[in-house]
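Single-letter residue listing:
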Amino acid sequence: MTTSSTEAQVSAGSPRWLVGLVIGLAGLFYAYAVWNAVAHLITMAQTGLTGGGWATLLFGVAFPAIVFAFAYVIGRRRRVGELALVFLAGLGVVAVFWMSLIALSLTMPSA
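Values in this document were obtained by computation on a predicted structure and should not be read as measured data. (Residues numbered from 1 in each chain as written. Predicted model: local features only at pLDDT ≥ 70, side-chain atom pairs only at ≥ 80, totals over all residues. Heavy atoms only, no water.)

What about the packing of helix H2 (residues 16-47) against helix H3 (residues 51-75)?
Okay, so step 1: Between H2 and H3, the shortest axis-to-axis distance is 9 Å and the interhelical angle comes to 175 degrees. With respect to H3, the element H2 is oriented roughly antiparallel. Where H2 abuts H3, its residues Ile23, Ala26, Gly27, Tyr30, Ala33, Val34, Ala37, Val38, His40, Leu41, Met44 and Ala45 lie against Trp54, Leu57, Leu58, Gly60, Val61, Pro64, Ala65, Val67, Phe68, Ala71 and Tyr72.
Okay, so step 2: Classifying every residue of the contact of H2 with H3 by side-chain character gives 20 nonpolar, 3 polar and no charged. (Axes fitted to C-alpha atoms, helices over the stretch in contact; angles between N-to-C directions. Helix = DSSP H or I, 4+ residues; strand = E, 2+ residues; numbered from the N terminus. Parallel < 35°, antiparallel > 145°, perpendicular 65-115°, else oblique. Contact = heavy atoms within 4.5 Å. Nonpolar A, V, L, I, M, F, W, Y, C, P; charged D, E, K, R; others polar.)

Brief notes about H3
Okay, so step 1: With 25 residues, H3 extends 36 Å between its outermost C-alpha atoms, agreeing within 8% with the 36 Å of an ideal straight helix rising 1.5 Å per residue.
Okay, so step 2: At Ala62, H3 is bent by approximately 35 degrees, the largest bend along its length, and proline Pro64 sits one to four residues beyond.
Okay, so step 3: Considering only its buried residues, H3 is in contact with H2 and helix H4 (80-107). (Expected span 1.5 Å × (residues − 1). Bend = angle between axes of the 7 residues up to and from the residue.)

In short, geometric facts, not functional conclusions.
Quick look at the structure:
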């Protein structure tokens, strides 16, 4: 069995509309994480931030998009259930990072 026939068998098992639905729903959750990070950045910027604070909070805005892209690259050739699990694991990583960022921002000195 060649690799192209193996890829065709795996990708043929999931309808495109279902894959699109999973990607769309996951995209909404990741977009919500970005939205929260932007709102937190604006709130923290009103009190004043150091250069390190700006870098940390801006990375917090970009991190969910990076994880979404990485999860898509990992799961794009898999079946829809596996794709959903990859996106769910990525959301777990984003949630852990977000809680760490909140804890850090609560201890950050304002400039």
